[in-house]
Amino acid sequence: MLSENVSGLEASATLAVAALCRQLRAQGRDILDLSAGEPDFRTPNFAAEAGIASIEQGFTHYTPVPGIPQLRDAIASYLESATGSRIDPAGIVVSNGAKQALFNACFTLFGPGDDVIVPVPYWTSYPEILKLARATPVMVRPADGAGDKLTVADLQAAVTPATRGIILNSPANPSGAVYSLEELDAIVRWAAGRNLWIISDEIYGRLCFTAERAASILDLDPSLLERAVLVDGASKAFAMTGWRIGFSYCAPKLAATFNALQSHVTSGAAAASQYAAVAVFAHEPRVQESVTAMVRLFRRRRDHLVTAMREHVPHAVFSVPDGAFYLFFRVDSCYGPGRNGSVEFCSWLLEKTGVALVPGIAFGDDRAVRLSYAAPEAEVLGAVDRIAAALR
Ligand code: PMP
Ligand code: GLU
């Protein structure tokens, strides 16, 4: 009998499909893995070199739990130059990926009896992290035609006396939806008026096709942010998923509690990874160039993918993503014996064509599947051909 701490806990579906792909490839199967979302670009050389240099210089010991001062300062100036807001480095806690920053925030802010609103479709780890905190995720689906974005009216209809917070994610995984500044302002203003916590996961903030970056909660009036936590990191914008560097930014007093929690769970993030991250958050022109080049490629791929899907897989229903690197599309009109529901559909597709997608049920929508186009364009378009042939 295991502890109630993990009762009902599900392993990450995104990471599980990725692991299955590695296994099938090792058996010699021809697999097009469009499951886990991580940029298929190399970490910029200057960042990797900074990590290597730090090892050679002997920076291989424990680091301060909330991050080395150089990194917290670099992140503070990165956020300041992006948004123009004043950032206090004491509010920054560096962690092992954005995932740990989300965990720190949810575990600290929410507990038994607390409801937390999670917009559908959601990134698969939000409900699980909330369940680990023994809080209750309350899934709220935006109205049809709202472009997968919640409005104040949706929140108003969902709020109860037990509601303690909302998790926002823009650009969103898996829908690619991007909230405008006005939409973000309306939600955060509404939440602030009810003393609700906002956790704003902005890990895809730079991967935006409608502007140089997506609107951030830091663009809002600071008086609205007393109960807000920003989560971001190096994983996506800088192609550094394996380095495991994320961070949170919030009021310094709250950051001190994240620090205390993290001091008992993992301590500071890996030293070499932090030195590598200093190089990217230093925000020099070469950093901007590498992000811009990557976003340009993602955008081109998105355009080609959308065109190919419309032409070859007309049954698929989707909104065109404005950011991140996923296409979340409905396939329920293709369900039938042996492929009923998103899990069976993905298993059927993988078996028949070697294309690996993630079942939509992992994101709260069993009618859909997620394709990550963070893969070479030939593979992405090849996958569309295989899906089209299988459904013909
Ligand atoms: N938030 C979202 C929306 C994500 O898709 C991911 C996936 N990587 C994360 C957080 C976690 O990022 P990290 O790899 O830095 O832990
Ligand atoms: N966030 C990425 C995804 O959704 C990476 C895998 C994970 O951490 O879930 O695929």
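This section reports on the structure supplied with the text. Since the model is a prediction, treat every value here as computed from it, not as a measurement. (Residues numbered from 1 in each chain as written. Chains lettered and ligands numbered in written order. Predicted model: local features only at pLDDT ≥ 70, side-chain atom pairs only at ≥ 80, totals over all residues. Heavy atoms only, no water.)

**Brief notes about the sheet that holds strand β12 (residues 368-372)**
- The strand order across the open sheet built from three strands is β9-β12-β11, with neighbouring strands paired in antiparallel fashion. Looking at which strands have only one partner, the edges of the open sheet turn out to be β9 (326-330) and β11 (358-359).
- Pairing between β11 and β12: two bridges, direction antiparallel. Looking at the pairing, proline 359 lines up with valine 369 of β12. (Pairing = 2+ DSSP bridges. Helix = DSSP H or I, 4+ residues; strand = E, 2+ residues; numbered from the N terminus.)

**So, the environment of valine 140**
- When you line up the elements, valine 140 lands in strand β4 (residues 136-140).
- The spatial distance from the C-alpha of valine 140 to the C-alpha of glutamate 38 is 27 Å, given a sequence separation of 102 residues.
- Those residues in contact with valine 140 that lie beyond four places of it in its chain are Ile117, Val118, Pro119, Val120, Leu150, Asp154 and Ala158. (Contact = heavy atoms within 4.5 Å.)

**A short note on the sheet that holds strand β5 (residues 163-169)**
- Read from one edge to the other, the open sheet built from seven strands follows the order β2-β8-β7-β6-β5-β3-β4, with strand pairing classed as mixed. The sheet is open, and its two edges are formed by β2 (92-95) and β4, each paired on a single side. For this sheet the average axis-to-axis angle between neighbouring strands, irrespective of direction, equals 20°.
- Across five bridges, β5 lies against strand β6 (residues 197-201) in parallel orientation. Its bridge partner lying in β6, isoleucine 167 is registered against isoleucine 199.
- Across the face of the sheet, helix α7 (residues 181-193) comes into contact with β5 and β6 while running at roughly 165° to β5. (Axes fitted to C-alpha atoms, helices over the stretch in contact; angles between N-to-C directions.)

**Considering the pattern of salt bridges**
- Applying the stated criterion across every chain yields a total of 13 salt bridges.
- Across the pair arginine 386 and aspartate 30 runs a salt bridge, and its minimum N-O distance is 2.8 Å. Note that arginine 386 is positioned in helix α12 (residues 377-391) and aspartate 30 in the loop between α1 (13-26) and β1 (32-33), a separation of 356 residues in sequence.
- Relative accessible area serves as the criterion here: at 23%, arginine 386 is assigned to the partly exposed category. (Salt bridge = Lys/Arg side-chain N within 4 Å of Asp/Glu carboxyl O. Buried < 20%, exposed > 50% of the residue type's maximum accessible area, 1.4 Å probe, protein only.)

**Observations regarding the nonpolar core**
- With 119 residues, the main nonpolar core has Ile166, Phe238, Phe281, Phe329 and Leu357 as its most contacted residues.
- The biggest single contributor to this core is helix α10 (residues 285-312), with nine residues.
- Residues in contact with leucine 357, not counting those within four places in the same chain, are Val17, Leu34, Phe329, Cys346, Leu349, Val369, Arg370, Leu371 and Ile387.
- The next biggest cluster of nonpolar side chains, apart from the first, holds eleven residues, and it includes Leu24, Phe328, Val358 and Ala368. (Core = buried A, V, L, I, M, F, W, Y, C linked by side-chain atoms within 4.5 Å.)

**Overview of the site of ligand 1**
- Inspection of the region around ligand 1 gives 14 residues, with Asn173, Asp201, Tyr204, Ser235 and Lys236 positioned closest.
- Lysine 99 is positioned such that a nitrogen or oxygen atom in its backbone is 2.9 Å from an oxygen atom of ligand 1.
- A distance of 2.7 Å separates an oxygen atom of ligand 1 from a polar atom in the side chain of asparagine 173.
- Here the shell around ligand 1 takes four residues from helix α4 (residues 97-109), the largest share from any one element.
- When the residues that make up the shell around ligand 1 are grouped by side-chain class, the tally is six nonpolar, four polar and four charged. (Near = heavy atom within 4 Å. Polar contact = N/O pair within 3.5 Å; in protein donor to acceptor, adjacent residues only side chain to side chain. Nonpolar A, V, L, I, M, F, W, Y, C, P; charged D, E, K, R; others polar.)

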